[in-house]
Structures are given as C-alpha cells and as structure tokens.
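Structural characterization, general
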Amino acid sequence: MYAPPGSNAPGGRRRRAGTSLPKQPERSLVSALPGALSITALCTALAEPAWLRVHGGTCPRQELGVADVLGYIDPKLLDDYCVNPQTILLLRVIAAFCFLGILCSLTAFLLDVFGPKHPALKITRRYAFAHILTVLQCATVIGFCYWASELILSLQQQHKKYHGSLIYVTFAISFYLVAGAGGASILATAANLLRHYPTEEEEQALELLSEMEDSSETFPADYDIANQFQPPPAYTP
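Residues numbered from 1 in each chain as written. Predicted model: local features only at pLDDT ≥ 70, side-chain atom pairs only at ≥ 80, totals over all residues. Heavy atoms only, no water.

Points about the environment of glycine 143
Keep this limit in mind: For the purposes of this entry, the term helix denotes a DSSP run of H or I that reaches at least four residues, the term strand denotes a run of E that reaches at least two, and both are numbered from the N terminus. A 1.4 Å probe rolled over the protein chains alone gives each residue an accessible area, and that area as a share of the maximum for its type sets the label: buried under 20%, exposed over 50%, partly exposed in between.
Counting through the fold element by element, glycine 143 comes out in helix α5 (residues 129-158). Residue glycine 143 is classed as partly exposed on the basis of its relative accessible area of 39%. In this structure the C-alpha to C-alpha distance between glycine 143 and isoleucine 94, which are 49 residues apart in sequence, comes to 9.3 Å.

Rendered as structure tokens:
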C-alpha cells in the first residue's frame, strides 16, 4: 500500500537536514581539569627556587632548588659545602623528569579536551597512559628529592658550623607541588578508567547512523521519502 504524497506516516519521511544525530566526541572534561592542575603545579615547581630547606651547617643558603644548578652554577655553593657534584647531578635529573612530566601531562590534557578518534590516540586516552606516565614521573621526582636531601644532610653533617649543631634538611614548596601534581594525575587516571565507553558494536552502529544522516542531508529539507514512489494509474476496464 502506497502512502499519498505529503502524508505524515511514521517512518515515511527522511530525517530533515539540520536535525542531525548528536555527535558523541569522547571528550573528558572531568579528567582534563585535574590534568590542567597537574601541568600548572609542575610548571610552578620548576619556577619556584625552594625545593629543599637546609637548617644548620656551614651553608649560608636556607633554600636550594633546581634553579641553582640549571645553567650557571654559583661557585659559592660548592665552596660553602651547600652541594657537591653528585647533588648537582641529582637536581638536574629532577629538572629533567619535571620537564617529562609536563610533556606527558600536556599530552594527556590535549587528548582529554579534543577527544581524537584515531584508534591509537583513542586507546591512549581511554586507558590514561599519559596520565599514568605523569604519575610515574612525579613519583620519580619525589624519590630523587629524598635522595638529594640525604646527600645534602650528610654533607652538612661533615662540615658543621659549630660542634653539636642541630642539622636537618626538610622539603620545601616545590616538593609538595610535585606531590600534588601526581595526586591530580591519579584523579585524572581514575576519571578516564572509570568512565563508560561504547562497545565496538555500538560505535559501528553510531558510525552507520551518522553516515545515513550525512546522506540524507543531500535532499531538500521538506523532501518526503514517499515522493520517490508514485501510485500506479487508476485501473480502467
């Protein structure tokens, strides 16, 4: 049975142009926000000169950080037994891992914001590989900071200013910023891993519906699918 032209029979009209199927980009703003916090914390930690605080000993500096060993190194740091060559190397390694953490966190942030459909990038985003790498970088920085603090403490104990002086080394603001960046990356990782994603069959169905929608846009907005079929002429005996 043919529907007359212009009828509003269910399913008889193609989807009009402009009423496209909702696209579903896999953007994850929930994980992008902690990722942005992680980038900010790591950049601030690099810019902040206070990584370790030295109390007691012959070193006149109360705070030491990676900024003291990047580029020009003040000879007084070595002369006053604030650092030694091994400590300088450790602080430079800390700076290198901070840069790697910023790179990984920035990559994860861009993937969460734009949600690319490329299979490799999609897997990287869904399983939060970049966020996990950021967490590992931050954990490595924390470990090297502890190692550097032990070396500085041992150096200060060998060169006491007064006999019986109390010497200790504590962590400063940059250390806690790196720890906070690692915590933010953990939250971003959890947000990505706990999110529900469509299965492969659902993705194929969505792609098929999207292709059908794109093909329907070639017809006018008021085009009716029933116009393709005209009823046969009336029977005349």
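Overview of the packing of aromatic side chains
Rules: Between 30 and 60 degrees the pair is tilted, below 30 it is stacked and above 60 it is edge-to-face, where a pair is any two Phe, Tyr or Trp rings, Trp via its six-membered ring, whose centres lie within 6.5 Å.
Here the structure, examined in full by the defined rule, presents 5 aromatic pairs. Ring plane angle 90° and centroid distance 5.4 Å describe the contact between phenylalanine 175 and tyrosine 176, whose orientation is recorded as edge-to-face. Three or more aromatic residues joined by ring pairs form one cluster here, namely Phe97, Phe144 and Trp147.

Comments concerning the packing of helix α1 (residues 29-47) against α5
Rules: Lines fitted to the C-alpha atoms define the axes, with helices restricted to the stretch that makes contact. Angles between their N-to-C directions range from 0 to 180 degrees. Should an angle fall under 35 degrees it is taken as roughly parallel, and over 145 as roughly antiparallel, whereas 65 to 115 is taken as roughly perpendicular and any remaining angle as oblique. It is the rotation of the near helix from the far one that decides the hand of a crossing: anticlockwise by less than a right angle makes it left-handed, clockwise makes it right-handed. Any two residues whose heavy atoms approach within 4.5 Å at even a single point are treated as in contact.
One way to put it is that α1 packs onto α5 with a least axis distance of 12 Å and a crossing angle of 30°. Comparing the axis directions of α1 and α5 gives the class roughly parallel. Read as a crossing pair, α1 and α5 show a hand that is left-handed. Only His131, Thr134 and Cys138 of α5 make contact with α1, whose side of the interface consists of Ser31, Gly35, Ser38 and Leu42.

Quick look at the pattern of salt bridges
Two side chains with opposite charge may pair up if their charged atoms get near one another. This is how the line gets drawn: Salt bridges are counted wherever a side-chain nitrogen of Lys or Arg sits within 4 Å of a carboxyl oxygen of Asp or Glu.
Counted by the stated rule, this structure contains 2 salt bridges. Across the pair glutamate 63 and arginine 53 runs a salt bridge, and its minimum N-O distance is 3.4 Å. Pair noted here: glutamate 63 is in strand β2 (residues 63-64) and arginine 53 is in strand β1 (residues 52-55), with a separation of 10 residues, a long-range link. By relative accessible area, glutamate 63 is classed as partly exposed at 30%. You can call arginine 53 partly exposed: its relative accessible area is 30%.

A few points about the nonpolar core
For clarity, the cut-off: Joining through side-chain atoms within 4.5 Å is the link that ties buried Ala, Val, Leu, Ile, Met, Phe, Trp, Tyr and Cys residues into a set, and such a set is a nonpolar core.
Judged by nonpolar contacts, the single largest core of 32 residues is most densely connected at Trp51, Leu64, Val66, Ile94, Cys98, Val141 and Val178. Counting only elements with at least two residues in this core, the list comes to α1, β1, α3 (85-114), α5 and α6 (173-193). No other element matches α3, which puts 7 residues into this core.

Quick word on the packing of α1 against α6
Cut-off, in case you're wondering: Only Asp, Glu, Lys and Arg are considered charged in this grouping, and only Ala, Val, Leu, Ile, Met, Phe, Trp, Tyr, Cys and Pro are considered nonpolar; every other residue, Gly among them, is considered polar.
Where α1 meets α6, the closest approach of the two axes is 8 Å, and the angle between their N-to-C directions is 165°. What the angle tells us is that α1 and α6 run roughly antiparallel. Crossing hand, α1 versus α6: left-handed. Seen from α1, the contacting residues are Val30, Ser31, Pro34, Gly35, Leu37, Ser38, Ala41, Leu42, Thr44 and Ala45; seen from α6, they are Ser174, Leu177, Val178, Ala181, Ala184, Ser185, Leu187, Ala188, Ala191 and Asn192. Looking at the contact of α1 with α6, its residues break down into 13 nonpolar, 7 polar and no charged.

Here's the deal with the state of the cysteines
Linking two cysteines covalently through their sulfur atoms gives a disulfide. Note the following rule: Disulfide: a pair of cysteine sulfur atoms within 2.5 Å of each other.
Counted under the stated rule, the structure contains 1 disulfide. The disulfide partner of cysteine 59 is cysteine 82, and the S-S distance across this bridge is 1.9 Å. Because the torsion about its S-S bond is 100°, the bridge between cysteine 59 and cysteine 82 counts as right-handed. Pair noted here: cysteine 59 is in the loop between β1 and β2 and cysteine 82 is in the loop between α2 (75-79) and α3, with a separation of 23 residues, a long-range link. Its relative accessible area of 8% is what places cysteine 59 among the buried residues. The exposure class assigned to cysteine 82 is buried, which follows from its relative accessible area of 1%. Sulfur of cysteine 43: no disulfide; nearest cysteine sulfur belongs to cysteine 98 and is 9.6 Å away.

Some words on the sheet that holds strand β3 (residues 168-171)
What counts is decided by this rule: Pairing between strands is defined by DSSP: at least two bridges between the two strands are required.
Read from one edge of the open sheet, 3 strands run β2-β1-β3, paired in antiparallel fashion. Both edges of this open sheet fall to β2 and β3, since each of them pairs with a single strand only. Across the sheet, α5 is in contact with β1, β2 and β3; its angle to β3 comes to roughly 160°.

Looking at the environment of isoleucine 173
Locating isoleucine 173 in the fold gives a position in helix α6. A relative accessible area of 38% means that isoleucine 173 is categorised as partly exposed. On a C-alpha basis, the gap between isoleucine 173 and proline 49 in space is 8.9 Å, while along the polypeptide they are 124 residues apart. Filtering out sequence-adjacent residues up to four positions away, isoleucine 173 remains in contact with Glu48 and Ala50.

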